[in-house]
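Reading the structure
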Amino acid sequence: MKNTHRISATALAVAGLMVAAAANAQEVQTVKIAHAGPTSGGIAHIGKDTENGVRMAIDELNAQNLTIGGKKIKFEIVAEDDAGDPKQATAVAQKLCDMKVAGVVGHLQSGTTIPASSIYHGCGIPHITTAATNPDVTKPGYKTTYRLIANDNALGAALAIYAADALKLKNVAVIDDRTAYGQGLADVFKQTAKKKGLNVVASEFTTDKATDFMAILTNIRSKKPDAIFYGGLDSQSGPMLRQLEQLGLGNVKFFSGDGSCTEKLPELASKVAAVGNVTCATGGISVEKMAGGQEWKKRYDAKYPGQFQIYSPYSYDATMVLVDAMKRANSVDPKVYVPALAKTNYKGVTAQIQFTNKGELTQPAVTLNGYKNGVRTPLN
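Owing to the predicted nature of the structure, the values given are computational and were not obtained by experimental measurement.

Regarding its fold elements, the chain presents twelve helices and 15 strands. In terms of overall dimensions, the chain has a C-alpha envelope of 105 × 40 × 35 Å along the principal axes. Counting the 380 residues in the chain, one finds 53% classified as buried. Excluding contacts between residues fewer than 6 apart, the proportion of contacts in the chain whose partners are at least 24 apart in sequence is 70%. Here the chain contributes 42 positive and 33 negative side-chain charges, whose respective centroids are spaced 4 Å apart.

Bringing unusual backbone geometry into the picture now. Residue His-107 is bonded to the preceding Gly-106 through a cis peptide linkage, with omega at 0°. At Lys-224, a position not held by glycine, the phi torsion is positive, near 55°. Position of Lys-224 relative to the elements: it lies in the loop between helix H7 (214–221) and strand E9 (227–231). Since its relative accessible area comes to 66%, Lys-224 is described here as exposed.

Before going further, it helps to examine the pairing of strand E8 (residues 199–205). In the sheet, strand E7 (residues 171–176) pairs with E8 via six bridges, with the strands oriented parallel. Residue Val-172 lies in a different strand from E8, and its bridge partner there is Val-200. Read from E7 through helix H6 (residues 180–195) to E8, the crossover connection turns out right-handed.

The N-to-C vectors of helix H2 (residues 44–62) and helix H11 (residues 312–329) enclose an angle of 40°; their axes lie 7 Å apart at closest approach. The orientation of H2 relative to H11 falls into the category oblique. The handedness of the crossing between H2 and H11 comes out as right-handed. Facing Asp-49, Thr-50, Gly-53, Val-54, Met-56, Ala-57, Ile-58, Glu-60 and Leu-61 of H2, the residues of H11 in contact are Ser-312, Ser-315, Tyr-316, Thr-319, Met-320 and Val-323. Counted by class, the contact of H2 with H11 contains eight nonpolar, five polar and two charged residues.

All chains considered together, the criterion is met by seven aromatic pairs. Taking 6.2 Å as the distance between ring centres and 35° as the angle between the ring planes, the aromatic pair formed by Phe-189 and Phe-255 counts as tilted. Highlighted residues: Phe-189 in helix H6 and Phe-255 in strand E10 (residues 253–256), separated in sequence by 66 residues. The same class applies to Phe-189 and to Phe-255, which are both buried. Relative to Tyr-304, the ring of Tyr-300 has its centre 5.3 Å away and its plane inclined at 55°; by these criteria the two rings are tilted. By the burial criterion, Tyr-300 is buried, and Tyr-304 matches it. Three or more aromatic residues link up through ring pairs in this structure, and these residues are Trp-296, Tyr-300, Tyr-304, Phe-308 and Tyr-316. Note that Arg-178 overlies the ring of Phe-205, its terminal NZ or CZ placed 4.3 Å from the centroid. Over the ring of Phe-308 we find Lys-297, and its NZ or CZ is 4.9 Å from the ring centre.

Moving on: the domain arrangement of the chain. Along its sequence, the chain is organised into domain 1 (28–150 + 289–365) and domain 2 (153–283). Every contact between the two is made by 20 residues of domain 1 and, on the other side, 18 residues of domain 2. Buried surface at the junction of domain 1 and domain 2, both sides included, amounts to about 1,400 Å², of which 59% is carbon and sulfur. Across the domain 1-domain 2 interface, the total number found is zero salt bridges. Inspection of the domain 1/domain 2 interface yields six residue pairs in polar contact (both at pLDDT 80 or more). Among the elements of the structure, H2 and helix H4 (110–123) are those that each provide at least two residues to the side of domain 1 that touches domain 2. Top contributing element to the side of domain 1 that touches domain 2 by residue count: H4, with three residues. Counted by class, the side of domain 1 that touches domain 2 contains twelve nonpolar, eight polar and no charged residues.

Time to look at the UniProt feature "domain: Leucine-binding protein" (unreviewed entry) in the chain. Residues given the UniProt feature "domain: Leucine-binding protein" (unreviewed entry) here are residues 30–364. Across residues 30–364 one finds 42% helix and 19% strand; the C-alpha atoms that close the span lie 33 Å apart.

With respect to topology, six strands assemble into an open sheet ordered E2-E3-E1-E4-E5-E6, the strand pairing being mixed. Edge strands, defined here as strands with exactly one partner in the open sheet, are strand E2 (67–68) and strand E6 (145–147). With two bridges joining them, E2 and strand E3 (residues 71–81) adopt antiparallel strand pairing. Residue pairing across strands places Ile-68 opposite Lys-71, the latter belonging to E3. Contacts between H2 and the sheet are confined to strand E1 (28–37), E3 and strand E4 (103–106), with E3 contributing the most and set at about 170° to the helix.

Moving on to the environment of Leu-61. With respect to the helices and strands, Leu-61 occurs in helix H2. A relative accessible area of 3% means that Leu-61 is categorised as buried. Through-space distance from the C-alpha of Leu-61 to that of Lys-74 is 8.4 Å; in sequence the pair is 13 residues apart. Among all residues touching Leu-61, those that are not within four sequence positions of it are Leu-66, Phe-75, Thr-319, Met-320 and Val-323.

Calculation notes
Residues numbered from 1 in each chain as written. Predicted model: local features only at pLDDT ≥ 70, side-chain atom pairs only at ≥ 80, totals over all residues. Heavy atoms only, no water. Helix = DSSP H or I, 4+ residues; strand = E, 2+ residues; numbered from the N terminus. Buried < 20%, exposed > 50% of the residue type's maximum accessible area, 1.4 Å probe, protein only. Contact = heavy atoms within 4.5 Å. Lys, Arg positive; Asp, Glu negative; His and termini not counted. Charge placed at Lys NZ, Arg CZ, Asp CG, Glu CD. Pairing = 2+ DSSP bridges. Right-handed = clockwise from strand over helix to strand, strands pointing away. Axes fitted to C-alpha atoms, helices over the stretch in contact; angles between N-to-C directions. Parallel < 35°, antiparallel > 145°, perpendicular 65-115°, else oblique. Left-handed = near helix turned anticlockwise from the far one by under 90°. Nonpolar A, V, L, I, M, F, W, Y, C, P; charged D, E, K, R; others polar. Phe/Tyr/Trp six-rings, centres within 6.5 Å; stacked < 30°, edge-to-face > 60°. Lys NZ or Arg CZ within 6 Å of the ring centre and 35° of its normal. Domains from an automatic or database assignment. Buried area = accessible area lost by both parts, 1.4 Å probe. Salt bridge = Lys/Arg side-chain N within 4 Å of Asp/Glu carboxyl O. Polar contact = N/O pair within 3.5 Å; in protein donor to acceptor, adjacent residues only side chain to side chain. UniProt positions renumbered as here; feature names shortened; annotations may be inferred.

Rendered as structure tokens:
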């Protein structure tokens, strides 16, 4: 009988431990943070870079064993490909709303971010774009929309001012890809260029899927520009630079925005000499000049060798900013933590991050870059 009692007591103790373990397991809450951007198509390398930044942040957050709202939190990425297409982007946004993700880092382009933002606003999910620069992204004033880089008003103006004041150019031609991003950036460049006394000798447009620009460039050649500005992405800038060489325009200065300002641009241009005449603007400072940026880049390269492009430090910070707001609100529920997001004052890799009441950075920075020996190099 004594042995039976001992066995029963042991069994009860084991059962109690199992119940306690089960209770502890139930206290772990999975929180989904989404990345939305083009991970297929011509700029998949840029989209994958931003996705990597989110993954890296989530791995580091999970290593912290955070507790929010009395529960242990496990973060999980939901990665969605919008293929750079506005219709697919809205479908992705609705899917993420239906999944009830806690927040979204994305989208990459202005043309995808603008329509997606109204869907996120409708379902109350915050999103932070780390790349879409058209000022119209934040124009509606949605409390769920935030931007982590400078917008086109800063980028386009900085390039035009540099062309006029630093390079003393006189005549420029402008080409855009007819997207919300490319056309918006080109318009700002053109307006500022005219104010600075530059002559805009040609205004042309193409599409974000084109690769043959010979007819446009031949027409521009007859206008004898000192520089060509292109509003669009590196998947078009690369072929355009090759064709400039073929037409004898390799010495003409070439300006573009952050969508062209990638590590991959020289490769896409087949490393032609014209790459050395590129000046491109990015919203923010170079990773080399970020506080802790070089150490961050070492960690990134160790996890994702050869994949760094441009936006991953910003998508990393965007993820951290979302979670910082959750921690301050002590809740992973967007309804509860979105007000805390608006009051962000977070020391990130990219900057000290604070937002205006429109969701813009309070102190956006712009970096002008060139390419020396095929390597993107900050000029300021």
